[in-house]
Amino acid sequence: MKDEASVDLDTRREQLRMRSAQLRDQIAVRSHIFQPAFKASDRVRGGVQRVRHVGDNQALLLLGGAALVGAMLVRPRLALSLGTRVLSGWQMYRRLRPMVNGLLRQLG
């Protein structure tokens, strides 16, 4: 037969299992509030992955380059102002990329 300490440990283990199941149920119920945020972060993450794989499609890059050259020939001032905006956006991206990568690593 089991001694008293072993029975106490078995009882305590079962109580902890029941409490853990109860806490998991509470977390599942309360996490529905965060579903819209999770879905939005999944969409952002999917968009980031699609942008990363644009380099795989050479035809798309050539088409984009031709459109850019055409825009520069037709509207040079607009192209210059757009270029400065793109450059400032690129600089902002470079500064924020480590933080965004860390956030994406935590999410996935």
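Calculation criteria
- Residues numbered from 1 in each chain as written.
- Predicted model: local features only at pLDDT ≥ 70, side-chain atom pairs only at ≥ 80, totals over all residues.
- Heavy atoms only, no water.
- Helix = DSSP H or I, 4+ residues; strand = E, 2+ residues; numbered from the N terminus.
- Rg over C-alpha atoms; globule rule 2.2 N^0.38 Å.
- Buried < 20%, exposed > 50% of the residue type's maximum accessible area, 1.4 Å probe, protein only.
- Areas by Shrake-Rupley, 256 points an atom, 1.4 Å probe, with all protein chains shown as cover.
- Lys, Arg positive; Asp, Glu negative; His and termini not counted.
- Charge placed at Lys NZ, Arg CZ, Asp CG, Glu CD.
- Salt bridge = Lys/Arg side-chain N within 4 Å of Asp/Glu carboxyl O.
- Phe/Tyr/Trp six-rings, centres within 6.5 Å; stacked < 30°, edge-to-face > 60°.
- Patch = residues over 30% accessible without salt bridge, like charges linked within 9 Å, V, L, I, M, F, W, Y side chains within 5 Å.
- Axes fitted to C-alpha atoms, helices over the stretch in contact; angles between N-to-C directions.
- Parallel < 35°, antiparallel > 145°, perpendicular 65-115°, else oblique.
- Left-handed = near helix turned anticlockwise from the far one by under 90°.
- Contact = heavy atoms within 4.5 Å.
- Nonpolar A, V, L, I, M, F, W, Y, C, P; charged D, E, K, R; others polar.

A. A look at the overall build of the protein. Each helix and strand in the protein was counted, giving four helices and zero strands. Its C-alpha atoms give the protein a radius of gyration of 27 Å, clearly above 13 Å, the size a compact globule of 108 residues would have. Expressed along its principal axes, the backbone C-alpha trace of the protein runs to roughly 90 × 25 × 25 Å. Burial status across the protein gives 3% buried among its 108 residues. When the accessible surface of the protein is summed, it comes to about 10,000 Å², and 63% of that surface belongs to carbon and sulfur atoms. Side-chain charges in the protein split into 19 positive and 8 negative, and the spacing between the mean points of these groups amounts to 27 Å.

B. Seen up close, the pattern of salt bridges. Under the criterion given, the structure shown has two salt bridges. Note that Arg 13 is salt-bridged to Asp 10, the shortest N-O span being 3.2 Å. Remark: Asp 10 and Arg 13 occur in helix H1 (residues 4–30); sequence separation between them is three residues, near one turn of the helix. Here Arg 13 falls in the partly exposed class, since its relative accessible area comes to 43%.

C. Fine view of the environment of Gly 108. Checked against the element boundaries, Gly 108 lands in the segment after helix H4 (76–107). Judged by relative accessible area, Gly 108 falls into the exposed class, the value being 66%. Through-space distance from the C-alpha of Gly 108 to that of Gln 22 is 26 Å; in sequence the pair is 86 residues apart.

D. How the structure looks around the packing of aromatic side chains. For the structure on display, the rule yields two aromatic pairs. Arranged with centres 6.2 Å apart and planes meeting at 40°, the rings of Phe 34 and Phe 38 form a pair that is tilted. What makes Phe 34 partly exposed here is its relative accessible area of 47%. Residue Phe 38 is classed as partly exposed on the basis of its relative accessible area, which comes to 40%. Note on Trp 90 and Tyr 93: the rings are 5.3 Å apart at their centroids and 35° apart in plane angle, and the pair reads as tilted. In this pair, Trp 90 and Tyr 93 both sit in helix H4, three residues apart, roughly one turn of the helix. Of the residues examined, Tyr 93 reaches a relative accessible area of 41% and is grouped as partly exposed.

E. Representation of a nonpolar patch on the surface. On the surface, Met 92, Leu 96, Met 99 and Val 100 cluster together to form a nonpolar patch covering roughly 380 Å² of accessible area. Relative to the helices and strands, Leu 96 resides in helix H4. The partly exposed category is assigned to Leu 96, whose relative accessible area is 37%.

F. Region of the structure containing the packing of helix H2 (residues 35–52) against H4. Two elements in contact, H2 and H4, have axes whose closest approach is 11 Å; the angle formed by their N-to-C orientations is 120°. Comparing their axes, H4 and H2 come out oblique. Crossing geometry of H2 relative to H4 is assigned as left-handed. Contacts from Ser 41, Arg 45, Val 48 and Arg 52 of H2 reach H4 at Asn 101, Leu 104 and Leu 107. In the contact of H2 with H4, the residues fall into three nonpolar, two polar and two charged.

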